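Report on the structure
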Amino acid sequence: MLNGQVAHSYLENSCTLLIPRPPAANQSLRSPHPAAAAAAAASSSAAEEHGQGSGAGVGVGLAGEGGAEAVHVDRIRNCDIFVDAHDLYFYADVKLYKFHSRRTFDLRELKTLLIKYNTAENHYQICLRCLPQTAGAQEGSGGGAGGGGTGDAAKPKSGRKDYIATFLHLPTLADATNAHLPDKEPLVQEWKLRRITDQCQLQLDGNERTYKLTNHFGYGFASKYSGPPNTSELDRATCRVSEPHRMSPIQRRQERVVDEMKRFSREQYKMNFVELQVPSGHQNPLRYKPKIYETSMTQEQAHLLHNISREQTHEQQPWDILQQNEIDCGLISILLAICYDVRTTNNEPTCESGWTRSILCPLYCYFEQFDNYRDVLVSFLRRMITYPLYRNFELGRQCVRDAIEVLKGGRNWLINQLLLTHQQFAGGDPSRDSFNSYYLEDYIRYVTSPSACSDEHLRLLARNLKNVLMDVNKRHLGLGVTEIETELIRELMQEMHLDTGSEGSSPQQQQGHGDDELDLDNDPSGQEDETTTDDDSVITDSFDSMDMDMRFIENEIVYEDDEEDEEEDDEDDDEDGDGDGDGADEDDDDSSSSTTTSSEAEGNSVIEQCSNSETAASISTSTK
């Protein structure tokens, strides 16, 4: 599904689009079972009932310059159209055309859209009405992927600058802007596009007869399967599209995007954002190192590989660019799902491995077709943070890096994992054998063929995937992941501030309870006033000075008491004259001497403080 270029032109309040018809595929679509032939016959009979004539289902003879030319009407009618206020998606058979208009389409009275097909130039012509331009608005250059339009509020051009540039034979400002600053690709929310295929009519070369558009699209490996799939083999719990042949690839993508938006859980993503919720006894998936160069194949896998390779069809032709790109993108999608399962289970498959490898791959669930690596990565990352156990963006990027290493030199590891996935799908409950029929068996034959998939080609895929990984960020997921992470960080910061405040206030509260329990009990507010004024500081200083004076007085009293005690002790010593009393007198003398020494030291310190205070007072008096 490649994007094609769309030519456009504006005339008053109408926009005309010219969409070329894609060339026929080199390989015809193959039906997986005989039911497809009956479906094709039914479509031809239905075409005749609409009034196309007996030859409408096969071809219509049209006159041309070189003679008669047969045009296959079924391929021309095989289209799917989606439109929005500024965007139009036109899927023609095997190719998607995107057009973005800066003028707003008028879809209010759109009941029937006539599509004209020119068989001489092989292109479709679509004319859509546009809303009138606002006052003062001028038409601008086109934009978007493969198309352009006019702007309702384009900036007015400077006539003087354009005149000077024309006079000096210089490029104008508009030309320089268009040449050096191309418009960026607009961000289109594809899930909001409106499908109008049932309201369209196809007209060939201006004939009065019109045709309804049909829906017969391919699916599976290289889109080579057509017709309804075998519903008995489909896993209803995993496969969301039961009729892929009636849904275009763009419609399948819409179904996937809407389902992912419904099932995405913000709370689950928050839980795994800071740290993975790894159960006890399991290794952290982010720390696992896959051993892609150490692999072995069991005897059962060898027999399975032999049986699958023996079914190689001889009618295979070289793939064209469109099919080759679709095959490579599908291989990367399958490989990413395998790398996630291997990393999260430490390469020890569990009973959930089959479900994990199928739910993470849009090929299995929606028969989706990819045409670029960026869409493959974005779809994998979206599903990885929506469905499995570990929903972490960095874990998804690590799985992409594992896939890059496998593509660089792990062909044997890749073949082994594809065979293991085949066994899980075939032997699981419920059975997912349809995924093997439409995808895995063909991919096993593709990877094991050196001519179809060489080592150099795999290394090229690895380089391209690495370059795309550097450009894909969380904004491309479209699930508001960045806003969720910002919200979570804000909540964590608030909790940290609350914890810090509670820890800082608890020691003060404990000290207050230990010192003045009665005061806190009598306090009606129950809280201490942490703010102090100038008056409070003055009162505090006065109380401090009073305490110093009280200590001075106490020291003087103690000093005087010590002197009186010493005199009394001396008189008692003189009266006592016995030998036993002498020993007691010596002990008393020692204690009194120690007391006197300490008292003298305290008295000296007090005297020094008093003298210092008197000296300071005299100095202050003299200065005054």
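Keep in mind that this is a model prediction, so the values were computed, not measured.

Reading the values: rules and limits
Residues numbered from 1 in each chain as written. Predicted model: local features only at pLDDT ≥ 70, side-chain atom pairs only at ≥ 80, totals over all residues. Heavy atoms only, no water. Helix = DSSP H or I, 4+ residues; strand = E, 2+ residues; numbered from the N terminus. Buried < 20%, exposed > 50% of the residue type's maximum accessible area, 1.4 Å probe, protein only. Polar contact = N/O pair within 3.5 Å; in protein donor to acceptor, adjacent residues only side chain to side chain. Core = buried A, V, L, I, M, F, W, Y, C linked by side-chain atoms within 4.5 Å. Contact = heavy atoms within 4.5 Å. Pairing = 2+ DSSP bridges. Axes fitted to C-alpha atoms, helices over the stretch in contact; angles between N-to-C directions. Salt bridge = Lys/Arg side-chain N within 4 Å of Asp/Glu carboxyl O. Parallel < 35°, antiparallel > 145°, perpendicular 65-115°, else oblique. Left-handed = near helix turned anticlockwise from the far one by under 90°. pLDDT = per-residue confidence, 0-100. Nonpolar A, V, L, I, M, F, W, Y, C, P; charged D, E, K, R; others polar. Phe/Tyr/Trp six-rings, centres within 6.5 Å; stacked < 30°, edge-to-face > 60°. Expected span 1.5 Å × (residues − 1).

Examining the side chain of R103
Considering the arrangement of structural elements, one finds R103 in the loop between β8 (95-100) and β9 (113-118). On the basis of relative accessible area, R103 is assigned to the buried category, the value being 1%. For R103, the side chain forms a polar contact with the main-chain oxygen of E12, separated by 2.8 Å.

Some details on the nonpolar core
In terms of nonpolar packing, the biggest core is built from 81 residues, with F380 and Y443 touching the most fellow members. When residues of this core are assigned to their parent elements, the largest contribution, twelve residues, is made by helix α8 (residues 321-345). Discounting residues that sit within four places of it in the chain, Y443 has contacts with F221, E326, I327, G330, L331, I334, L363 and L418. Residues V6, I76, Y117 and C130 belong to the second largest nonpolar core, which totals 30 residues.

Points about the sheet that holds strand β2 (residues 7-11)
Sheet architecture is open: six strands sit in the order β2-β3-β10-β9-β12-β13, paired in mixed fashion. Only two strands of the sheet have a single partner each, and these edge strands are β2 and β13 (210-212). Across the sheet, the mean angle from the axis of one strand to that of its neighbour is 25°, orientation sign disregarded. Of the pairings in the sheet, the one linking β2 to strand β3 (residues 14-20) comprises five bridges and is antiparallel in character. Across the sheet, A7 pairs through a bridge with L18, a residue of β3.

A look at the pattern of salt bridges
What the rule picks out here adds up to 26 salt bridges. Across the pair K98 and E190 runs a salt bridge whose closest N-O atoms are separated by 3.7 Å. Here K98 is found in strand β8, whereas its partner E190 is found in the loop between α4 (173-180) and β11 (194-195), with 92 residues between them in sequence. With respect to class, K98 is no different from E190; both count as buried. Put simply, D442 and R445 hold a salt bridge, and the shortest N to O gap is 2.9 Å. Placement of the pair is D442 and R445 together in helix α14 (residues 433-448), with a separation of three residues, close to one helical turn. The exposure class of D442 is buried, given its relative accessible area of 5%. Look at the salt bridges and you will find they share partners, linking K98, E190, R253, R256, E260, E368, R382 and R383 into a network.

Some points on the packing of helix α13 (residues 411-427) against α14
One can describe the packing of α13 onto α14 by two numbers: an axis separation of 10 Å at closest approach and a directional angle of 165°. Classified by the interaxial angle, the pair formed by α13 and α14 is roughly antiparallel. Helix-helix and strand crossings are classified by hand; for α13 and α14 the assignment is left-handed. Here R411, L414, I415, L418, L419, T421, H422, F425 and A426 of α13 come into contact with α14, specifically with D433, F435, N436, L440, E441, Y443, I444, V447 and T448.

A word on the confidence of the model for the protein
Residues with a pLDDT of 70 or more make up 62% of the protein, whose mean pLDDT is 75. Throughout residues 171-183 the model reports pLDDT below 50, and contacts reaching past four residues in sequence, or to other chains, amount to 13 contacts. Taken together, the stretch residues 574-599 has pLDDT below 50 and engages in eight contacts with residues farther than four places along the chain or on a different chain.

Structural notes on helix α6 (residues 266-274)
Buried residues of α6: Y269, K270 and N272, and no others. The backbone nitrogen of Q268 lies 3.3 Å from a side-chain oxygen of the residue at the head of α6, namely S265.

Considerations on the packing of helix α7 (residues 299-310) against α13
Running from amino to carboxyl end, α7 crosses α13 at an angle of 90°, the nearest separation of the two axes being 10 Å. As the angle between them shows, α7 and α13 are arranged roughly perpendicular. Between α7 and α13, the residues in contact are E300, Q301, L304, L305 and I308 and I415, N416, L419, L420, H422 and Q423, respectively. Here the contact of α7 with α13 is built from residues that sort into six nonpolar, four polar and one charged.

Quick look at the environment of G428
Take G428: it is sitting in the loop between α13 and α14. The spacing of G428 and W355 is 73 residues in sequence and 9.0 Å in space, taken between C-alpha atoms.

A word on the packing of aromatic side chains
The relation between two aromatic rings is expressed through the spacing of the ring centres and the mutual angle of the planes. All told, the structure shown has 18 aromatic pairs when counted by the stated rule. Both rings, one in Y364 and one in F435, keep their centres 5.0 Å apart while their planes meet at 25°; by these two values the pair is stacked. With a gap of 71 residues between them, Y364 in helix α10 (residues 362-366) and F435 in helix α14 connect regions that are remote in the sequence. Accessibility classification places Y364 together with F435 in one group, the buried group. Feature note: the residues Y219, Y225, Y364, F367, F425, F435, Y438 and Y439 constitute an aromatic cluster, connected by ring pairs.

A few points about helix α12 (residues 393-409)
Between the first and last C-alpha of α12 there are 26 Å, a value that for 17 residues agrees with the 24 Å anticipated at 1.5 Å per step. The inward-facing, buried residues of α12 contact α6, α8, α11 (373-384), α13 and α15 (455-471).

Let's talk about the pairing of β8
Regular strands show a simple pattern: their side chains alternate between the two faces of the sheet. Judged by how many residues are buried, β8 sits mostly within the fold: five of six residues are covered. Pairing of strand β7 (residues 87-92) with β8, which is carried by six bridges, proceeds in the antiparallel orientation. Note on β8: the bridge partner recorded for A92 is K95. From the end of β7 to the start of β8, which pair antiparallel, there are two residues, and D93 there has a positive phi angle of about 60°.

Digging into unusual backbone geometry
Even without glycine at this site, D205 takes up a positive phi of about 50°. Among the structural elements, D205 can be located in the loop between β12 (200-204) and β13. Its relative accessible area of 36% is what places D205 among the partly exposed residues. Even without glycine at this site, F367 takes up a positive phi of about 50°. Tracing the backbone through its elements, the reader meets F367 in the loop between α10 and α11. With relative accessibility at 1%, the residue F367 sits in the buried group.

Notes on the pairing of β7
For β7, the buried fraction is high: six of the six residues fall into the buried class. Burial of the side chains of β7 extends over both faces: D87, Y89 and Y91 are buried on one face and L88, F90 and A92 on the other. Pairing of strand β6 (residues 79-83) with β7, which is carried by five bridges, proceeds in the antiparallel orientation. In the strand pairing of β7, C79 is matched with A92. Where β6 folds back on β7, the antiparallel hairpin that results is connected by three residues.

Looking at the environment of L114
Tracing the chain through its elements places L114 in strand β9. The partly exposed category is assigned to L114, whose relative accessible area is 37%. Taking the C-alpha atoms as reference points, L114 and T210, 96 residues apart in sequence, are found 8.8 Å from one another. Excluding its chain neighbours within four sequence positions, the residues that come into contact with L114 are Q125, Q201, Q203 and T210.

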